[in-house]
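Structure at a glance
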Amino acid sequence: MPCRLSVPQNLMFGKWKYEKPDGSPVFIAFRSSTKKSVQYDDVPEYKDRLSLSENYTLSISNARISDEKRFVCMLVTEDNVFEAPTIVKVFKQPSKPEIVSKAPFLETEQLKKLGDCISKDSYPDGNITWYRSGKVLQPLEGAVVIIFQKQMDPVTQLYTMTSSLEYKTTKADLHVPFTCSVTYYGPSGQKTVHSEQAVFDIYYPTEQVTIQVLPPKNAIKEGDNITLKCLGNGNPPPQEFLFYLPGQPEGIRGSNTYTLTDVRRNATGDYKCSLIDKRSMIASTAITVHYLDLSLNPSGEVTKQIGDALPVSCTISASRNATVVWMKDNVRLRSSPSFSSLHYQDAGNYVCETALQEVEGLKKRESLTLIVEGKPQIKMTKKTDPSGLSKTIICHVEGFPKPAIQWTITGSGSVINQTEESPYINGRYYSKIIISPEENVTLTCTAENQLERTVNSLNVSANENREKVNDQAKLIVGIVVGLLLAALVAGVVYWLYMKKSKTASKHVNKELGNQEENKKLEENNHKTEA
């Protein structure tokens, strides 16, 4: 604190004092103008905290609230005393406000304490303000009640400010933040510090009830397990409900779920649930349990005789239109089977299958294994080879179970094993033999299965062209032998001719050689004489 006086020339000394609330002075520092010495008065609260400079500026260290006083600088001359007062103000910034004693929840339409906003260690005291979603809350009778208190610590003389808020909440306050702030004064003026946000759980009663079917499905079928779940839109949600089943006026009390296992078609109907204490607040849902019945007549394994009639019916009973498919041996039929006169090819495994396309997994199927039996029937045919040397005899057989075929020659009773058989298809196949009889014979074809043994015979005449064929064969052999003899004679003649030609050639060559030798001798004789 500078001394706000001009130092006079005839100054003797300077002093500082402060004034008590009653106006009485308390001297705290003295400085002589000549000796330049400084003396501090024995005032306990200022011990070791004062410093007086040569220009009489007084400094106080470690400022306290109690330093807020009226200090006076005194300059004394021989004939006068000059005084200049200085008023000291002390400020302490309060702590950041905090919302404490918060309500665990608020209930709509009830005035309830929300919490306390507290800020500590302030000097001078400050003011607290409440906010809802950033907007100032003003007191409102029956809806907003604010109670402000401040308390000073007798030792530190610092203030603690507390503001309690009672608030009547609505559903609109769900997830809305509440804050508070403290406003205080400092050396540079007014300042404000805000608290952290606080969000409160808002309790409100149920206004609407809904019912769900779990698990969610497009359609429910017989055998399914379903769970009814009842929900209320209150907070906290209700935990108990009454469930009403079709045809039962009394509700079943339970939690928020009710499970139906292995439902049947008679479970179709309206299901409802309501609150325990407000039965008029009710929700309902319609459940349709889809079903599918199939009856095949006849079914299983059925054995019939060829030519019999067999009516077949596949009757469907369902909760909605169903598709029907007929299969025979895993091949889809264009229409349902109808048998006015059974044939062997009608035998097989028939399946009638039905389904509800809109209901996943709802399918039914029944099967019919049809066996068409018949006694063996035989038809024999023969065919002569164009050369006339052999004949083909065929025994055509039909019947079921598959008949066994045996060939025998009538009279001798011998069995013919060298046969050729066709595949057995639709109750039919054949056995074929090829023979070249030298005399008339009777062939017997026997077909036998578990029902009957059937025999049929066919007369086969001897080959008429057999002798002609033998004569022709002899003629051919004679011609071949004649050609071979002619070829042999020609070969011998050719060999003799070639031998004679080689002998004559050697004789001529010998004569020519003798003539050459004689001629050379004569030439040599002439040379000798010369």
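Residues numbered from 1 in each chain as written. Predicted model: local features only at pLDDT ≥ 70, side-chain atom pairs only at ≥ 80, totals over all residues. Heavy atoms only, no water.

**Regarding the overall build of the protein**
A tally of helices and strands in the protein yields one helix and 41 strands. For the protein, the residues scored as buried account for 34% of the 530 residues in total. Contacts spanning at least 24 positions in sequence make up 57% of the contacts within the protein whose residues lie at least 6 apart. Carbon and sulfur atoms provide 50% of the accessible area of the protein, an area that totals close to 33500 Å². (Helix = DSSP H or I, 4+ residues; strand = E, 2+ residues; numbered from the N terminus. Buried < 20%, exposed > 50% of the residue type's maximum accessible area, 1.4 Å probe, protein only. Contact = heavy atoms within 4.5 Å. Areas by Shrake-Rupley, 256 points an atom, 1.4 Å probe, with all protein chains shown as cover.)

**Some words on the sheet that holds strand S7 (residues 81-87)**
Pairing is antiparallel in the open sheet, where five strands are placed in the order S3-S2-S1-S6-S7. Of all strands in the sheet, those bounded by a partner on one side alone are strand S3 (38-40) and S7. Ignoring strand direction, the axes of neighbouring strands in this sheet form an average angle of 20 degrees. (Pairing = 2+ DSSP bridges. Axes fitted to C-alpha atoms, helices over the stretch in contact; angles between N-to-C directions.)

**Overview of the layout of surface pockets**
The gaps of empty space that remain are located by a probe, the size of a water molecule, rolled over the atoms. Roughly 160 Å³ of volume is contained in the largest pocket. Of all the elements, strand S26 (residues 282-287) adds the most residues to the lining of the largest pocket, at three residues. When its residues are assigned to classes, the lining of the largest pocket shows seven nonpolar, four polar and one charged. (1 Å grid on protein atoms, 1.4 Å probe; cavity = no way out; pocket = protein on both sides within 12 Å on 5 of 7 lines; lining within 4 Å. Points joined across faces, edges and corners; volume = space filled by probe spheres on them. Nonpolar A, V, L, I, M, F, W, Y, C, P; charged D, E, K, R; others polar.)

**Re the environment of histidine 175**
Counting through the fold element by element, histidine 175 comes out in the loop between strand S14 (159-168) and strand S15 (177-186). Considered as a pair, histidine 175 and serine 133 are 42 residues apart in the sequence and their alpha carbons are 9.7 Å apart.

**A closer look at the packing of aromatic side chains**
Within this structure, the stated rule accounts for 11 aromatic pairs. Between tyrosine 167 and phenylalanine 178 the ring centres are 5.2 Å apart and the planes differ by 75 degrees, which places this aromatic pair in the edge-to-face class. Highlighted residues: tyrosine 167 in strand S14 and phenylalanine 178 in strand S15, separated in sequence by 11 residues. An identical accessibility class is assigned to tyrosine 167 and phenylalanine 178; each is buried. Ring geometry for phenylalanine 178 versus phenylalanine 200: centroids 5.8 Å apart, planes at 75 degrees, classification edge-to-face. Placement of the pair is phenylalanine 178 in strand S15 and phenylalanine 200 in the loop between strand S17 (198-199) and strand S18 (202-203), with a sequence separation of 22 residues. This pair shows no difference in class: phenylalanine 178 is buried, exactly as phenylalanine 200 is. Three or more aromatic residues link up through ring pairs in this structure, and these residues are Tyr18, Tyr46 and Phe71. Above the plane of the ring of phenylalanine 27 lies lysine 15, whose end atom (NZ or CZ) is 4.0 Å from the centre. Against the face of tyrosine 204 rests lysine 171, its NZ or CZ located 4.7 Å from the ring centre. (Phe/Tyr/Trp six-rings, centres within 6.5 Å; stacked < 30°, edge-to-face > 60°. Lys NZ or Arg CZ within 6 Å of the ring centre and 35° of its normal.)

**Notes on the state of the cysteines**
Between two cysteines, a covalent bond joining their sulfur atoms is known as a disulfide. All chains considered together, the criterion is met by five disulfides. Between the sulfur of cysteine 3 and that of cysteine 73 lies a disulfide, 1.9 Å long from S to S. Disulfide cysteine 3-cysteine 73: torsion about the S-S bond near -90 degrees, hence left-handed. Placement of cysteine 3 in the segment before strand S1 (11-19) and of cysteine 73 in strand S6 (residues 70-77) is noted, with a sequence separation of 70 residues between them. When its relative accessible area of 0% is taken as the criterion, cysteine 73 is described as buried. A sulfur-sulfur distance of 1.9 Å marks the disulfide that ties cysteine 314 to cysteine 352. Disulfide cysteine 314 to cysteine 352: torsion about the S-S bond roughly -85 degrees, handedness left-handed. One end of the pair, cysteine 314, is in strand S30 (residues 313-318); the other, cysteine 352, is in strand S33 (residues 348-355), with 38 residues separating them in the sequence. Regarding the disulfides, the protein carries the connectivity 1-2, 3-4, 5-6, 7-8, 9-10 under sequence-order numbering of its bonded cysteines. (Disulfide = S-S within 2.5 Å.)

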